[in-house]
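Results of the structural survey
Residue-level listing of the chains:
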Amino acid sequence: MWENLFSEGKPGALDRVDGKQKVTGAAKYAAEYNLGNLSHAVLVESTIAKGRIKNIDTKQAERAPGVIGIIHHGNAPKVPGYDTGDNPAKPPTGGEPFRIFQNARVYFAGQPIAVVVADTYERALYAATLVKTEYDKDEHETDVEENKDKANRPKGPRFEDYVRGEANAYKTAPVKVEQEYILPIEVHNPMELHATTVVWEAEDKVKVYDKTQGVKATQKSIMDAFKLKEQNVQVIADFVGGGFGSALRTWPHVIAVILAAKKVNRPVKLVLTRPQMFTMVGYRPYTRQRMGVGATMDGKLVGITHEAISETSTYEEFTEGTVNMSKFMYACPNVNTNYKIVALDKSTPTWMRGPGEATGAWALECAIDELAYALSIDPVQFRIKNYAEMDQQRKLPWSSNFLKECYEKGAEAIGWNKRNPKVRSMREGDWLVGYGMATGTFGAGRGRATAKATLLADGTLLLQSAVSDSGPGTATAMVGIASETLGLSPSKITFDLGDSSLPPGPTQGGSTTTSTLGSAVYDICIALQQKLLEVAAAKEGSFLKDAKFEELSFKDGAISRKTDSAKKISYTEVLKQSNLPQIELTKDSQGGDERSKYSMYSFSVHFVQVHVHSLTGVVRVKKAVTVADAGKIVNKKTAGSQMIGGVVGGIGMALMEEGIFDHRFGRYVNNNLADYHVPVHADVPHVEVLFVDKKDPYTNPMGTKGLGEIAIIGFAPAVANAVYHATGKRIRELPITPDKLI
Amino acid sequence: MRQFTYLRPSTSKAAIDALSKDPNAQFIAGGTNLIDLMKKGVMAPEKLVDINNLPLKEIKKQTGNLHIGALALNSDVSENKLVTQYHPLLSLALKAGASAQLRNMATVGGNMLQRTRCFYFYEPSLPCNKREPGSGCGALEGVNRMHAIFGWSDKCIAVHPSDMAIAMVALDASVLVYGPKGNRRIPFQDFHRLPGDTPEKDNSLEKGELVMGVEIPDGPFTKNVHYLKVRDRASYAFALVSVAAALNISGKTIKDARLAMGGVAHKPWRLLDAEKALIGKPATEETFKQAADIAMRGAKGFKYNSFKIPMGKNAILDALKTAAAKV
Ligand SMILES: Cc1cc2nc3c(=O)[nH]c(=O)nc-3n(C[C@H](O)[C@H](O)[C@H](O)COP(=O)(O)OP(=O)(O)OC[C@H]3O[C@@H](n4cnc5c(N)ncnc54)[C@H](O)[C@@H]3O)c2cc1C
């Protein structure tokens, strides 16, 4: 099993099982369920950043043609779950939790303060412009830089200051670098706008088509908010047009549209506008980091100090593991970290691809590069010299760590050793040429999932689990795993997902879906084989009577003894001879105690070649090689696409993405895709993706680790390091726009 | 919904009549700018006069000049044989603008009349004197990275976003206008205006006047030309600064030169003094540097856009070098 996975026709080289639906438009997204009697919702937003709504005048709007209802804090039904527990808000940072339409408070500019429901979208949109709001305005604060001193350490042991050895030991090192690195706000901006279509099927029963990365999690949030039974809340997300983390939570606007549908007693559809994507579904928070790194003359790390100040809203505490990578990544006797957040009058940030680590790696991997240059040691060699043989923080062996192989593969592919290592030494005409690299890492987690398998008499297999696929190709990977495990052609296997009424699957986040759900699929395929054997062996005169499971081979849809492949019985025959229409199994799956024995991480190494125009400061990424140690790769096509997507995101992060605030108004000024730049085709060179593709012995039965996050983690510092090699200029504030290189 | 009437006249006379009768009417051509502004609530015309039925698409060579109709599409103009033959600079500038999809809709008239992309202009709930005279300039002390370094006033520091217009002004084009008072011809140079105390007025077009086309006089700038656009991504982004450079080099001497900049002022910014400094000089880096220095005299930036001054200088140097190197 798992041998020759990538040869043609094998599950490791599968085309996307839903590819045709996607490219032909047959795939349905949350905004595409045009239910009978459907009405349309548009959110009215606050234009101030902090204060109270003094008066909200909806008279004119109510008289506008087609308007069915307008709901705001003055007339909204109660959300029963808001009285108990924290749902949907997480614990507030100090202020009160934000509970949509339940009071007059304004916590941020762009906050939904009313929803207009009309018979058409256009009419709702127009009526929304007629809602007139008066505010009692308070002074707001939205700038991290102005409020750094108010930053606090979040509560809880995870955020305690970390000290290994001696704090600030880098200062005593013969060679040291001490610098600050800034990351601006980044906004997820998946292509698909967040959308929710709601139909109340009974007084206490609701069906919600939603853009969510977790149908079960969204179902739970809705159950809690509206005090409904599990079987009375159905959440559907058949397809998700990208998320990058923005769809990991059930946001207040989802609650708003469910409320609205109840109040107007009709199905309601809400689609956020692009500007609303900036304020209603989170963002990667602005973070200032201070790094101190020091080494001996021969390049052994002496100390790492990593401090971060980031932001959250006043009504929720958002935290991420920004400083974590520094704790375990390199062999270093002295490490100390400190992480603080400041509560500001803006909406709550959320996880964005490579949460925490992408921000942390930006600082750590630039500082490591700076130190390598200060030591006159090749940045790759410097990292290898300080390679950690085990997890430095938890003092546990790695479950697997092929970083050295990654460095080697990547360096070879980009021609690292052929470059002139001297700074500002390479040129092509007026373009300065530079090479840079950096490392990324992310925990290789595994959660809990349930899968259901139905093997039908015609030999086809239906697998089901309540997971959503925000783009990586989950169903394709699961079909591959099932095919390889069960010994059945992928063409006979279907994977059903995106429906909360299926057996519980995980939320798609943290690069864990393949490990978590794939293990469940693996387990159920084994269980299915055992069941097939049991059924077959029970038949009078079966050649499998008394056969031991281990002695058998399950291949090409048939069972045989390993020792005698000629004599076999097909799965269909097994069912047929016992008059079974199908075999149906459901199984829950999770890991054992391996996570307390081993430290499990995925690793990535990114190499880039950049050209920087010596006169205009324009930076172009000319070559990108990205290498992943993500354990066993289940499907090279979709995994390769994941890595390419990470590189595209990484180019955006490095060179252009920035959510820009005018702090006088506490508002974004570039909240659209003309002014918030993401890479266009012309910004992205050919991307070479390389996999170590070695099974991790401990993570899960397939030996996979995660992939989605490491694809972006470390890419931006690789670009910054290449820009330094090209120009001799260290840019420590992202994005690296041309003005910074003039 | 906000109601508006829509008509599609088939003669220019009918078009200008329809417009001049109605104070709140607008022509619409490709609609790539106007529709966006209507969606954002920045402009709210009560009547749209669609001019796409007017016979203004033609690109033709006339004695002494090239005529381009106001409705010629940006994509068609940029690929047109006459344009690439007589005025390759215009083709380059057009191709640097927007995206292929937008250029397929955008017209020459609409392009020169597109409105600024200033953040504050685009957001009705923020102050902007151009959108709402007297409400203040949001950019002056706000996010002004994209803003003007030449010719601004304390009422408005917005820039004109067109790439095409930078080439037009460099090539001494004229705008042909037809209106209630008949035909007139406006030198491109004078077509757009500086903001002064009335930033709400982008240009010198009078109410009801229709742009019929442009005429570009024949010139010697058929080879050593370059349009350089410095931007935050490789395509589909407005210029931080842009430079239209055209040289007529004979032997090693610059016989004639044209230089204009985009992304730096409320109008396409022609650099006449710098041109003078080029003419008669050898086509060397030294000459180009001197011209670039002269070009940026008098530039004054704000909190976030002062980089445009050194960047502008370098961009001029790069554009001139690239233009001179063409064979
Ligand atoms: C995302 C985006 C990016 C862009 N990037 C760039 C860029 O990089 N560089 C660039 O140069 N441009 C850029 N553009 C702008 C684009 O070039 C303009 O939108 C386009 O040229 C306008 O032409 P149109 O025919 O669609 O004008 P319309 O939108 O139809 O009209 C614009 C204005 O001109 C008036 N008008 C049109 N024709 C006439 C006429 N014949 N006589 C009198 N008045 C007239 C209309 O009344 C209206 O006020 C971008 C646009 C977008 C949306």
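Residues numbered from 1 in each chain as written. Chains lettered and ligands numbered in written order. Predicted model: local features only at pLDDT ≥ 70, side-chain atom pairs only at ≥ 80, totals over all residues. Heavy atoms only, no water.

1. Here's the deal with the site of the ligand
- The local shell around the ligand holds 35 residues, among which B:F27, B:G31, B:T32, B:T107 and B:D163 are the closest.
- At the site occupied by the ligand, the surrounding residues belong to chains A and B.
- A distance of 2.9 Å separates a nitrogen atom of the ligand from a polar atom in the backbone of B:V211.
- One of the side-chain N or O atoms of B:K229 is found 2.8 Å from an oxygen atom in the ligand.
- Relative to its unbound accessible area of 970 Å², the ligand is 96% covered by the protein chains.
- Residue assignment for the shell around the ligand shows that the elements contributing at least two residues are strand 2 (25–28), helix 2 (34–40), helix 7 (108–113) and strand 8 (210–217) of chain B.
- Per element, the largest residue contribution to the shell around the ligand is four residues, and it comes from helix 7 of chain B.
- The class makeup of the residues in the shell around the ligand is 17 nonpolar, 13 polar and five charged.
- Looking at the shell around the ligand, you find at least three residues from each of domain 1 (5–52) and domain 2 (224–325) of chain B. (Near = heavy atom within 4 Å. Polar contact = N/O pair within 3.5 Å; in protein donor to acceptor, adjacent residues only side chain to side chain. Areas by Shrake-Rupley, 256 points an atom, 1.4 Å probe, with all protein chains shown as cover. Helix = DSSP H or I, 4+ residues; strand = E, 2+ residues; numbered from the N terminus. Nonpolar A, V, L, I, M, F, W, Y, C, P; charged D, E, K, R; others polar. Domains from an automatic or database assignment.)

2. What about the packing of aromatic side chains?
- Tallied over the full model, the rule gives 28 aromatic pairs over all chains.
- With a centroid separation of 3.7 Å and an interplanar angle of 10°, the aromatic rings of A:Y598 and A:Y698 are classed as stacked. Highlighted residues: A:Y598 in the loop between helix 15 (594–597) and strand 27 (601–613) and A:Y698 in the loop between strand 31 (687–691) and helix 17 (715–727), separated in sequence by 100 residues.
- When its relative accessible area of 33% is taken as the criterion, A:Y698 is described as partly exposed.
- Residues B:F121 and B:Y122 carry aromatic rings whose centres are separated by 6.1 Å and whose planes lie at 75° to one another, so their mutual orientation is edge-to-face.
- Given the relative accessible area of 1%, B:F121 is considered buried.
- Residue classification places B:Y122 among the buried positions, given a relative accessible area of 13%.
- Each member of the aromatic cluster is reached from another via a ring pair, and the members are A:F98, A:Y107, A:F108 and A:Y315. (Phe/Tyr/Trp six-rings, centres within 6.5 Å; stacked < 30°, edge-to-face > 60°. Buried < 20%, exposed > 50% of the residue type's maximum accessible area, 1.4 Å probe, protein only.)

3. Topic: the sheet that holds strand 9 (residues 224–230) of chain B
Residue and element names in this part refer to chain B.
- Spatial strand order, 9-10-11-12: four strands in an open sheet with antiparallel pairing. Both edges of this open sheet fall to strand 9 and strand 12 (269–270), since each of them pairs with a single strand only.
- Sheet analysis places strand 9 next to strand 10 (residues 241–250), joined by seven bridges and oriented antiparallel. Bridge pairing in strand 10 places K229 opposite S242.
- The sheet contacts of helix 13 (residues 308–325) involve strand 9, strand 10 and strand 11 (253–262), and relative to strand 10 the element is tilted by about 35°. (Pairing = 2+ DSSP bridges. Contact = heavy atoms within 4.5 Å. Axes fitted to C-alpha atoms, helices over the stretch in contact; angles between N-to-C directions.)

4. A few points about the interface of chain A and chain B
- In this assembly, 34 residues from chain A lie in contact with 32 residues from chain B.
- Taken together, the links from chain A to chain B amount to three salt bridges.
- One salt bridge in this structure joins A:R667 and B:E123, with 3.5 Å as the shortest N-O distance.
- Counting across the chain A and chain B interface gives eleven residue pairs in polar contact (both at pLDDT 80 or more).
- Listing elements by their share of the side of chain A that touches chain B, those giving two or more residues are helix 3 (121–130) and strand 29 (661–662) of chain A.
- Broken down by element, the residue count for the side of chain A that touches chain B peaks at four residues, all from helix 3 of chain A.
- Of the residues contributing to the side of chain A that touches chain B, the split by class is 17 nonpolar, seven polar and ten charged. (Salt bridge = Lys/Arg side-chain N within 4 Å of Asp/Glu carboxyl O.)

5. Here's the deal with the domain arrangement of chain A
All names here are of chain A.
- In terms of domain boundaries, chain A breaks down into domain 1 (11–28 + 447–590), domain 2 (39–139 + 192–241 + 247–279) and domain 3 (371–445 + 596–740).
- Here domain 2 and domain 3 have C-alpha centroids that lie 38 Å from each other.
- Between domain 2 and domain 3, the residue contacts involve seven residues of the former and nine residues of the latter.
- Both sides of the domain 2 and domain 3 interface together cover about 630 Å² of buried area, and 71% of this is carbon and sulfur. (Buried area = accessible area lost by both parts, 1.4 Å probe.)

6. Quick notes on helix 11 (residues 403–414) of chain A
All names here are of chain A.
- With twelve residues, helix 11 should cover 16 Å at 1.5 Å per step; its first-to-last C-alpha distance of 17 Å lies within 8% of that length.
- Along helix 11, the positions that sit buried rather than exposed are L403, C406, Y407, G410, A411 and I414. Looking down the long axis of helix 11, one finds its buried residues gathered within 120° of arc, a one-sided arrangement. Residues E408 and E412 are exposed on helix 11 and point more than 90 degrees away from its buried face.
- Tucked into the core, helix 11 has its buried residues touching helix 10 (379–385), strand 19 (431–443), strand 27 and strand 28 (619–629).
- Of the residues trailing helix 11, G415 is marked for its positive phi of about 80°. (Expected span 1.5 Å × (residues − 1). Arc of directions from axis to C-beta.)

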